[in-house]
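Commentary on secondary and tertiary structure
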Amino acid sequence: MELIQREPELSAYLAADEVIDHEHPLVRETAAHLRADHPDAYSYAKAAFEFVRDAIPHSFDSGDTQVTWRASDVLARGTGICYAKSHALAALLRAEGIPTALCYQKFEALHGLVAVRMPGESTWHRQDPRGGEPGKEAEFSLEGERLAFLPDPEFNEVDSPVLYAVPHPAALHALRSARDVPELSRTLPTEL
């Protein structure tokens, strides 16, 4: 699948905003801590991915009822659904100058991923910081996708090729509107 940048300028995929708030002190502190042990771009990107995948449980898996959507809140509270975990990973990567896009898959509801474009490359690589489930763990990879979930066209499941610089409005609205995770689970968007 050919991935399509929605924004033509690569700088859009490095920007900070209210959601991907990579200028927030906690995001900067977390990035600096990871960078200390991983000085090159590839090892840093992999370490940031593994940190978000493994150290921040998916809210549905952990039973945590807090809804997070801002990257710094995901890091502070240590929880989030796939969209929120993607926002946190995007912030950590952008904090270190690695262009990062948000992208989606459609299952029963939309599933959030990121795509990274490593320095000096012209190719985007999708990554799934949600983590998956036992036997279907997502892995950081620049050599072919290692995503936890693969859409099945027979069930109208699809990969969206569009790379967003900011969260899709449907995903962000669901996160901001829900009082808790049980409500969020009933209002997750099913279409982009």
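Above this text you will find the structure in question.
Described in the following lines is the structure provided in the data block. (Residues numbered from 1 in each chain as written. Predicted model: local features only at pLDDT ≥ 70, side-chain atom pairs only at ≥ 80, totals over all residues. Heavy atoms only, no water.)

Moving on, we get to helix α5 (residues 82-95). An α-helix turns once every 3.6 residues. As a result, residues three or four positions apart point the same way. Taking 1.5 Å of rise per residue, 14 residues should cover 20 Å, and α5 covers 20 Å from first to last C-alpha, within 8% of that figure. The buried fraction of α5 is high, at 14 of 14 residues. (Helix = DSSP H or I, 4+ residues; strand = E, 2+ residues; numbered from the N terminus. Expected span 1.5 Å × (residues − 1). Buried < 20%, exposed > 50% of the residue type's maximum accessible area, 1.4 Å probe, protein only.)

With that out of the way, let us pick up the side chain of E157. Within the secondary structure, E157 is located in the loop between β4 (125-127) and β5 (158-159). It is K106 that comes nearest to the buried, bridge-free E157 among opposite-charge side chains, at 7.9 Å. Ignoring anything within four residues of it in the chain, the contact list for E157 reads K106, F107, L150, P151 and D152. (Lys, Arg positive; Asp, Glu negative; His and termini not counted. Salt bridge = Lys/Arg side-chain N within 4 Å of Asp/Glu carboxyl O. Contact = heavy atoms within 4.5 Å.)

Attention shifts here to the nonpolar core. Ranked by internal contacts, the top residues of the largest apolar core, which has 51 residues, are Y44, Y83, L92, L93 and L184. Counting only elements with at least two residues in this core, the list comes to α1 (25-37), α2 (41-55), α4 (71-77), α5, β2 (100-106), β3 (110-116), α6 (169-177) and α7 (181-187). By residue number, the principal contributor to this core is α5, which donates 10 residues. Those residues in contact with L92, other than ones at most four positions away along the chain, are V27, T30, A31, L34, Y44, A48, F51, V52 and L75. (Core = buried A, V, L, I, M, F, W, Y, C linked by side-chain atoms within 4.5 Å.)

What follows covers the pattern of salt bridges. Under the counting rule described, the total for this entry stands at 12 salt bridges. One salt bridge in this structure joins E18 and R176, with 2.5 Å as the shortest N-O distance. With E18 in the loop between β1 (4-5) and α1 and R176 in helix α6, this residue pair connects regions lying 158 residues apart in the sequence. Given the relative accessible area of 45%, E18 is considered partly exposed. With relative accessibility at 39%, the residue R176 sits in the partly exposed group. Here the salt bridges share partners, and the residues they tie into one network are E18, R70, D73 and R176.

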